[in-house]
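Here's the letter readout for the chains.
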Amino acid sequence: MKIRKNLFLLLMLFLLMTLLSGCSLIKEPTKKDVKNALVSLGYLPDESKEDKREGYSYEISIIEAKTSSGKNKADVKATLVEKFGYVKYSQTFTMSFNLKNNKETWVFDDKSLVLQSEKAELTKKITPKEASKLVRNHIFTVEGKTIYADEIRSVKAGEEWTTDNEKLTSAVRYEVHAEQGMYSTDFVADMVFTYVIDHSNYTGQWTITQDTVDESSIGHQYATLYNVNIDTSALAFYIKTQSVPLYFMGVTYTSGDDDVKIRNVTVDQVEPEEKVELEIPTRFDFLVGDALSISVSAMVKFHFTKKWEPYYVYNLEITDVQGNWTGTWTGNMNDGRESVNIDFESFYNGGEPMAVVEVDSLDPDKGRYSWRAKLVEYKPLKDNYMRLDFYEWIKLPANKDEYGYCNFSGSVKDNVWSSEFEWQDFRLKKAN
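Source: prediction; values computed, not measured.

(A) Up close: the overall build of the protein chain. Each helix and strand counted, the protein chain has four helices and 27 strands in total. In summary, the protein chain has a C-alpha radius of gyration of 48 Å against a globular reference of 22 Å for 432 residues, an excess of more than 25%. Its C-alpha atoms put the protein chain at 180 × 55 × 30 Å along the principal axes. Residue pairs in contact within the protein chain that sit at least 24 positions apart in sequence constitute 51% of those at least 6 positions apart. Of the roughly 25800 Å² of accessible surface on the protein chain, 48% is carried by carbon and sulfur atoms. Here the protein chain holds 52 positive side-chain charges and 66 negative ones, and the gap between their average locations is 16 Å.

(B) Quick look at the packing of aromatic side chains. Under the defined criterion, the tally for this structure stands at 32 aromatic pairs. Through a chain of ring-to-ring contacts, three or more aromatic side chains come together here, namely Tyr 183, Tyr 222, Tyr 226, Phe 304 and Trp 308. The cationic tip of Lys 124 hangs over the ring face of Tyr 86; the distance from NZ or CZ to the ring centre is 4.7 Å.

(C) Molecular detail of helix α4 (residues 232–241). Residues of α4 that are buried: Leu 235, Ala 236, Tyr 238 and Ile 239. On an axial view of α4, the arc spanned by its buried residues comes to 160°, and they lie on one face. What points out from α4, more than 90 degrees from its buried face, is the exposed set Ser 233 and Phe 237. Buried residues in α4 make contact with β15 (260–267), β16 (277–288), β17 (292–304) and β18 (308–323).

(D) Region of the structure containing the nonpolar core. Counting 57 residues, the largest nonpolar core has Trp 325, Ile 342, Leu 388, Phe 408 and Trp 417 as its most contacted members. Per element, the largest residue contribution to this core is seven residues, and it comes from β17. Residues within four places of Ile 342 in sequence aside, it is in contact with Gly 327, Thr 328, Trp 329, Ala 355, Val 356, Val 357, Leu 388, Phe 408, Trp 417 and Leu 428. Formed by 47 residues, the second largest nonpolar core is a distinct cluster that contains Leu 80, Phe 97, Phe 193 and Ile 208.

(E) The arrangement of the sheet that holds β15 in detail. Pairing within the open sheet is antiparallel, and its four strands lie in the order β15-β16-β17-β18. The outermost strands of the open sheet, each flanked by one partner alone, are β15 and β18. Across the sheet, the axes of successive neighbouring strands diverge by a mean angle of 25°, strand direction being ignored. Pairing of β17 with β18, which is carried by 12 bridges, proceeds in the antiparallel orientation.

(F) Molecular detail of the sheet that holds strand β22 (residues 368–379). Spatially, the nine strands line up as an open sheet ordered β24-β23-β22-β21-β20-β19-β27-β26-β25, and their pairing is antiparallel. Each end of this open sheet is capped by a strand with a single partner; those strands are β24 (408–410) and β25 (412–413). Across six bridges, strand β19 (residues 328–333) lies against strand β20 (residues 338–344) in antiparallel orientation. Counted as the bridge partner of Thr 330 is Asn 341 from β20.

(G) Expanded view of the side chain of Arg 372. Position of Arg 372 among the secondary structure elements: in strand β22. Of note is the side chain of Arg 372, whose polar atom sits 3.1 Å from the side chain of Glu 345. Not counting chain neighbours up to four residues away, the residues in contact with Arg 372 comprise Glu 345, Met 354, Ala 355, Val 356, Phe 390, Tyr 391, Glu 392 and Ile 394.

(H) Structural view of the pattern of salt bridges. Inspection of every chain in the model, using the stated rule, returns 16 salt bridges. In this structure, the salt-bridge partner of Lys 88 is Glu 121, at a minimum N-O distance of 3.5 Å. Here Lys 88 is found in strand β3 (residues 87–99), whereas its partner Glu 121 is found in strand β5 (residues 114–122), with 33 residues between them in sequence. Where Glu 345 meets Arg 372, a salt bridge forms, and the shortest distance between an N and an O atom there is 3.1 Å. One end of the pair, Glu 345, is in the loop between β20 and β21 (354–361); the other, Arg 372, is in strand β22, with 27 residues separating them in the sequence. Of the two residues, Glu 345 and Arg 372, neither departs from the other in class, the shared state being buried. Taken together, the shared-partner salt bridges connect Glu 377, Lys 379, Arg 387 and Asp 389 into one network.

(I) Structural context of the confidence of the model for the protein chain. A residue-level look at the protein chain finds 91% of positions with pLDDT of 70 or above and a mean pLDDT of 89. For the protein chain, the element scoring lowest by mean pLDDT is helix α1 (residues 2–24), at 46; helix α3 (residues 128–136) scores highest, at 97. In this model, residues 4–11 is a region of pLDDT below 50 whose contacts with residues beyond four sequence positions or in other chains number zero contacts. A low-confidence stretch, residues 13–24 (pLDDT under 50), is modelled with one contact involving residues beyond four sequence positions or located in other chains.

(J) Region of interest: α3. Three or more residues of α3 are buried, namely Ala 131, Ser 132 and Val 135. Seen along its axis, α3 keeps its buried residues to an arc of 95°; they face one direction. Those residues of α3 that are exposed and aimed more than 90 degrees away from the buried face are Lys 129 and Lys 133. Where the residues of α3 are buried, they touch β6 (140–142), β8 (152–157), β10 (169–180), β11 (183–198) and β12 (203–222).

(K) Local environment of the side chain of Glu 151. Structurally, the position occupied by Glu 151 is in the loop between β7 (145–147) and β8. This buried residue, Glu 151, is left without a salt bridge; Lys 306 holds the nearest opposite charge, at 5.7 Å. With residues near it in sequence (within four places) discarded, Glu 151 still touches Thr 146, His 177, Ala 178, Glu 179 and Gln 180.

Criteria and cut-off values
- Residues numbered from 1 in each chain as written.
- Predicted model: local features only at pLDDT ≥ 70, side-chain atom pairs only at ≥ 80, totals over all residues.
- Heavy atoms only, no water.
- Helix = DSSP H or I, 4+ residues; strand = E, 2+ residues; numbered from the N terminus.
- Rg over C-alpha atoms; globule rule 2.2 N^0.38 Å.
- Contact = heavy atoms within 4.5 Å.
- Areas by Shrake-Rupley, 256 points an atom, 1.4 Å probe, with all protein chains shown as cover.
- Lys, Arg positive; Asp, Glu negative; His and termini not counted.
- Charge placed at Lys NZ, Arg CZ, Asp CG, Glu CD.
- Phe/Tyr/Trp six-rings, centres within 6.5 Å; stacked < 30°, edge-to-face > 60°.
- Lys NZ or Arg CZ within 6 Å of the ring centre and 35° of its normal.
- Buried < 20%, exposed > 50% of the residue type's maximum accessible area, 1.4 Å probe, protein only.
- Arc of directions from axis to C-beta.
- Core = buried A, V, L, I, M, F, W, Y, C linked by side-chain atoms within 4.5 Å.
- Pairing = 2+ DSSP bridges.
- Axes fitted to C-alpha atoms, helices over the stretch in contact; angles between N-to-C directions.
- Polar contact = N/O pair within 3.5 Å; in protein donor to acceptor, adjacent residues only side chain to side chain.
- Salt bridge = Lys/Arg side-chain N within 4 Å of Asp/Glu carboxyl O.
- pLDDT = per-residue confidence, 0-100.

Structure (structure tokens):
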């Protein structure tokens, strides 16, 4: 009986130890354990601290997990696959874990991690828009000369793109048009774009890593901007800012005056012929207030740097004038004893505007007579003051009095031209 009792006790002790041993066994380290380990060493962003990245995702896979004979240590081989930007980035690690004293939690040995392999591959290609932007901002060397980004006028990608997902590259042939000074350069270049990973920020960017220029494709001609195609709006602004003087009927106007506008600018077509200085015949109008338009011809000097730019206006000549005097004025003078008709000529004779004055007098010694007169003063900014002086007879009065003419001077108000002198009482109204 005693032997049986001892055997029973031994059996119970064995079963108890087995049960205790079974309770101490836990599963191998999990993906969560691996994740915590990678976060602690900075391989993964800490999502608990809201360190999330837009467009970023990852996946952890455990390839193998082995525990030691004592069940208190585990060796793990795992893969981390991250996706961000244009790539999928894979890394394979080995790492070790130890059980805590309570035998329930795996603790990462932070000195055990070994990066065994890493690999990146493209998940999408560079877009033509992104590539063209890089080419436009690139610096090329063509025939030993540097072509800077601000000299590139246009780029065009070919149809055949070659992409190497593992090398993170994309290649295509580009047509480039550049302009330097008076000449342009056209060439073809084989471009290679490489996606450079910035893993610390979970992103990356495309860069140009090769720009092989096809020497046989290089061609030169005059630059587009070297062709003389003057922007007349810009030229009008330039003339306005230069305060160019113009003398007309006793008054000097300048293009920079507040009451003066520059309008209707036209230029002659000229060929540059490899020059960098040009004199271009130009025409424009001085508009003074709302009542005077002076058409002029002038010479404008231009200089070419990156485009043709004006730098001097000279040799102004008046070619035509139009003002509020234009038309026919009718009325009377000398207390109504004489009716007057003044018809301004519609052309400009290179001097003052001319007019024909006809007078029909009740005095039989005068009768109907006429003469030509010239406008010698006109001040549109001072009540449209006008002065019309005798020039030559057309028809003498009946009494043949060669001094029987009169001059007209005064301001125009409400479309009525009236005398500035009390002894001369003419009032003339402009016909519609």
